[in-house]
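Close look at the chain arrangement
Below, each chain spelled out in residue letters.
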Amino acid sequence: MMLRAVLRRASSRASSSASTGLGKSLQSSRVAASAQSFHSVSSTQTLVPRGSHAHSFHHRSCPGCPDCSRTILSSFQGTTTLKSWVRPFSSDAGDVVEAVVPHMGESITDGTLANFLKKPGDRVEADEAIAQIETDKVTIDIASPASGVIQEFLVKEGDTVEPGNKVAIISTSADAVSHVAPSEKTEEKPAAKPSPPADEPKVDSSKVAEKPKTPSPPPPTKQSAKEPQLPPKDRERRVPMTRLRKRVATRLKDSQNTFALLTTFNEVDMTNLMKLRSQYKDAFFEKHGVKLGLMSGFIKAAVSALQHQPVVNAVIDGDDIIYRDYVDISIAVGTSKGLVVPVIRGADKMNFADIEKTINSLAKKANEGTISIDEMAGGSFTVSNGGVYGSLISTPIINPPQSAILGMHSIVQRPMVVGGSVVPRPMMYVALTYDHRLIDGREAVYFLRRIKDVVEDPQRLLLDI
């Protein structure tokens, strides 16, 4: 009742007043007073309308009072002034999103944050890459979950991160960045000032001073014991090994420690395959849009050899042998960051054009660093072409969990006896490294002989002989 009387008195003053601004201020004061009585926060509220003298409204909260409730409801109905007053001071958590490390594959548990593609304050779009993670196998992009402005990065370059770790905070509105950043800074500074005068910091400072003394000595001794550091010398520079290079080194050493490696060699006359390529390369490119290379001929030859010697396509798993009824051939691709081995899936069901298109696509992705883990997972046999680098002969190492690898080499003109006469021929050495625990020498030699027969006479593929 008391509030209603005050409100009536204020409204009568507003109607008689010559200034329209005072009436509007009192009307907004009525809404604010009603809101305070609705929440029952305090017994006395002081409101200062803009452009007028201060007026104090006193009202004691009386729960269950029907008059007050009617006054409050009537004040809330038909006005939106209260909403516009409260909103600027409310915090909206939806303006900020977090960019996290994505899932990197079943066999990869962590990675190294290689570099940031953006800087704090930069504008980013949804799904735009803001950082790159280097793993044991591939390089993975961290994408922005929404469009906005980068506020800050939560990790540094070179840090080890795991799937789900927070990497960056992104504001979905540009205005929020300018307001939130300084408010956080101002909150941190005064928070640090009131803490010193307390009595507890003395004890905390002594504890903190004692803790670093104990853990500091052990780490250097552990690191020196595991990885002895060579003394620095002039004209030397030390560069951290990439995760991909570490992974390659570990897998190659594990291959040597696990498999009974043995290599057998043969030589292939490339005359007919090169003649076939030279004769149909223009028509092949015109129809399929890719060049006809020698790699597709060896892939088709490897498929035929694996079908004739299925044990080469098998693998030992514990006390069992797993025979694969499919042919997924891995191809070794050398990149600036290291060796990667993408997989041509279902190579036994592909023709020359499909194989060439797949090889070009995988090689391009590998060199650009955009190849995915799924495109390198699996594989039952590997073909490595060291001849593109000029290698004459080598002994390749098995790519686990496979049992054999075929090594191609450079083509060299050598004198060969053909029909009783010595003639120059383009010759290539081929090598098969295999797991001697599973594959006997006979199967390995037969496998290479099949490679030789098909490459030297490609018509065998048409006749299946």
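Look a little higher up for the structure.
Analysis parameters
Residues numbered from 1 in each chain as written. Predicted model: local features only at pLDDT ≥ 70, side-chain atom pairs only at ≥ 80, totals over all residues. Heavy atoms only, no water. Salt bridge = Lys/Arg side-chain N within 4 Å of Asp/Glu carboxyl O. Helix = DSSP H or I, 4+ residues; strand = E, 2+ residues; numbered from the N terminus. Pairing = 2+ DSSP bridges. Axes fitted to C-alpha atoms, helices over the stretch in contact; angles between N-to-C directions. Parallel < 35°, antiparallel > 145°, perpendicular 65-115°, else oblique. Left-handed = near helix turned anticlockwise from the far one by under 90°. Contact = heavy atoms within 4.5 Å. Buried < 20%, exposed > 50% of the residue type's maximum accessible area, 1.4 Å probe, protein only.

Glancing now at the pattern of salt bridges. A side chain of one charge can pair with a side chain of the opposite charge when the charged atoms of the two come close. The tally for this structure, following the rule as stated, stands at 8 salt bridges. The salt bridge involving glutamate 128 is made with lysine 118; its shortest N-O contact spans 2.9 Å. Here glutamate 128, found in the loop between strand E5 (123-124) and strand E6 (129-134), pairs with lysine 118, found in the loop between strand E4 (111-116) and E5; they are 10 residues apart in sequence, far enough to count as distant.

Once that is clear, we can look at the sheet that holds strand E7 (residues 139-143). Across a sheet, strands are paired by hydrogen bonds formed along the backbone, either parallel or antiparallel in direction. If you trace the 4 strands from one edge of the open sheet to the other, you get E7-E6-E4-E9, paired in antiparallel fashion. A single partner strand is all that each edge strand has here, and the edge strands are E7 and strand E9 (160-161). Pairing between E4 and E9: 2 bridges, direction antiparallel. Each residue of the ladder has a partner; that of threonine 112, found in E9, is threonine 160.

Further remarks concern the packing of helix H10 (residues 294-308) against helix H12 (residues 441-456). It is at 9 Å that the axes of H10 and H12 come closest, and there the two elements cross at 140 degrees. Regarding the angle of H10 to H12, the classification is oblique. Relative to H12, the crossing made by H10 is right-handed. Across the interface between the two elements, Phe298, Ala301, Ala302, Ser304, Ala305, Leu306 and His308 of H10 pack against Phe447, Arg450, Ile451, Val454 and Val455 of H12.

By the criterion of burial, strand E8 (residues 148-153) is predominantly enclosed, with 5 of the 6 residues buried. By the bridge criterion, 2 bridges tie E5 to E8 in an arrangement that is antiparallel. Within E8, the position partnered with arginine 123 by the bridge is valine 149. Taken together, the 4 bridges between E8 and strand E10 (residues 166-171) define a ladder with antiparallel strand orientation. Bridge pairing links valine 149 to serine 171 in E10.

Let us now look at unusual backbone geometry. Residue proline 401 follows proline 400 across a cis peptide bond; omega there is 5 degrees. Tracing the backbone shows proline 401 in the loop between strand E18 (381-385) and strand E19 (404-408). Positive phi values are uncommon outside glycine, yet aspartate 127 reaches one of about 70 degrees. With respect to the helices and strands, aspartate 127 occurs in the loop between E5 and E6. Positive phi values are uncommon outside glycine, yet arginine 235 reaches one of about 60 degrees. Position of arginine 235 among the secondary structure elements: in the loop between helix H7 (218-226) and helix H8 (243-258). A relative accessible area of 86% places arginine 235 in the exposed class.

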